[in-house]
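Here are the chains, one letter per residue:
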Amino acid sequence: MANDLPIRCRCGNLRGRAQGVSGERGNRIVCYCDDCQAFGDFLGPDGVLDTHGGTDIFQMSPARLEFTRGLDQLACLRLTSKGMLRWYAACCKTPIGNTMATRQIPFVGLIHACVDHEADGRSRDEALGPVRAGVNARFARGDRTQLDAHDRAPLSMGLGILGRLVAARLRGDHAASPFFDRGTGEPVAVPLVLSEDERRGLENVRTGAPAP
Ligand SMILES: [Zn+2]
Ligand SMILES: [Zn+2]
């Protein structure tokens, strides 16, 4: 059954909802990739990443996402000048989600930390279904022997996402993304692009290399 889920940054400034979501209307994964880890480390040691550096993400159409308060707190990071847009609440550094750099591809990977499952009263599994797969485990931290995850992203999953993307694009969902201005199509916040040094610093956190 599809339901609405409350969205809330940790401090409560930024709020909204994910509308009509369910396990069938998206794809729940845990991503261990180096870029997701860099984003988690950029935000700080506040429980975004699991012990293996994974991020629990629900991939869905951005048209189902709406912000109702604190939109001015919505900020955006790019690890490189060509990277994805990684959205977070500037007030308390709660991650919100990842989108492509253009609204033409109607996709958001909604990050677990901004979904208020407590207020919703259901567990994450109940609201969004179980994790379908762990992906990009080749970047995972710590002992990987017990980790039930794919080294990369399975092709079947990629095809499923592609199918969903095409359907969302045909529905015109790209024009309804809250991350892009409806008129101009530009991101609603100017992306902060990391310098090479800043990126290397985050990479060192991931690999556990000592600071130079
Ligand atoms: Zn906040
Ligand atoms: Zn990732």
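Source: prediction; values computed, not measured. (Residues numbered from 1 in each chain as written. Chains lettered and ligands numbered in written order. Predicted model: local features only at pLDDT ≥ 70, side-chain atom pairs only at ≥ 80, totals over all residues.)

**Some details on the sheet that holds strand S1 (residues 3-8)**
Alright, step 1. Spatial ordering of the open sheet is given by S1-S2-S5, a layout of three strands whose pairing is antiparallel. Both edges of this open sheet fall to S1 and strand S5 (65-69), since each of them pairs with a single strand only. Here the strands of the sheet are splayed against their neighbours by 25° on average, with no regard to which way each runs. (Pairing = 2+ DSSP bridges. Helix = DSSP H or I, 4+ residues; strand = E, 2+ residues; numbered from the N terminus. Axes fitted to C-alpha atoms, helices over the stretch in contact; angles between N-to-C directions.)

**Digging into unusual backbone geometry**
Alright, step 1. Unusually for a residue other than glycine, Lys93 sits at a positive phi of about 55°.
Alright, step 2. Its location among the elements puts Lys93 in the loop between strand S7 (85-89) and strand S8 (94-99).
Alright, step 3. On the neighbour-count criterion, Lys93 (17 C-beta atoms within 10 Å) is partly exposed.
Alright, step 4. Although it is not a glycine, Asn136 sits at a positive phi angle of roughly 60°.
Alright, step 5. The residue Asn136 is located in the loop between strand S10 (133-135) and helix H4 (155-171) in this model. (Buried ≥ 20, exposed ≤ 12 C-beta atoms within 10 Å, placed from the backbone.)

**So, the pairing of strand S2 (residues 15-21)**
Alright, step 1. The pairing of S1 with S2 spans five bridges and is antiparallel. Bridged to Ile7 within S2 is Gly16.
Alright, step 2. Two successive antiparallel strands, S1 and S2, enclose a turn made up of six residues, where Gly12 displays a positive phi of approximately 90°.
Alright, step 3. In the sheet, S2 pairs with S5 via four bridges, with the strands oriented antiparallel. Across the sheet, residue Ala18 finds its bridge partner in S5, namely Leu65.

**Considering the pairing of S8**
Alright, step 1. Of all six residues in S8, six are buried; the element is thus mostly enclosed.
Alright, step 2. As defined by bridge partners, S7 adjoins S8 across five bridges and the pair is classed as antiparallel. Bridge pairing in S8 links Ala89 to Thr94.
Alright, step 3. From the end of S7 to the start of S8, which pair antiparallel, there are four residues, and Lys93 there has a positive phi angle of about 55°.
Alright, step 4. Here two bridges tie S8 to strand S9 (residues 108-111), and the two strands are oriented antiparallel to one another. Looking at S9, one finds that Asn98 is bridged to Gly109.

**Details of the environment of Val205**
Alright, step 1. As for its position among the elements, Val205 is in helix H5 (residues 196-207).
Alright, step 2. In this structure Val205 comes out as partly exposed when scored by C-beta crowding, with 17 C-beta atoms within 10 Å.
Alright, step 3. Taking C-alpha positions, Val205 is 8.2 Å from Ala38, a pair spaced 167 residues apart along the chain.

**Quick look at the sheet that holds S10**
Alright, step 1. One open sheet holds the eight strands; their spatial order is S10-S3-S4-S9-S8-S7-S6-S11, and the pairing between them is mixed. The sheet terminates laterally at S10 and strand S11 (192-193), the two strands that pair on one side only.
Alright, step 2. In terms of strand pairing, strand S6 (residues 74-78) meets S11 through two bridges, oriented parallel. The partner of Arg78 across the bridge, within S11, is Val193.

**Things to note about the packing of helix H1 (residues 34-43) against H5**
Alright, step 1. It is at 9 Å that the axes of H1 and H5 come closest, and there the two elements cross at 100°. Taken together, the axis directions place H1 and H5 in an arrangement best described as roughly perpendicular. Residues Asp34, Gln37, Ala38, Asp41 and Phe42 of H1 lie in contact with H5, whose contacting residues are Arg199, Leu202, Glu203, Val205 and Arg206.
Alright, step 2. For the contact of H1 with H5, a count of residues per class yields four nonpolar, one polar and five charged. (Parallel < 35°, antiparallel > 145°, perpendicular 65-115°, else oblique. Contact = placed C-beta atoms within 7 Å. Nonpolar A, V, L, I, M, F, W, Y, C, P; charged D, E, K, R; others polar.)

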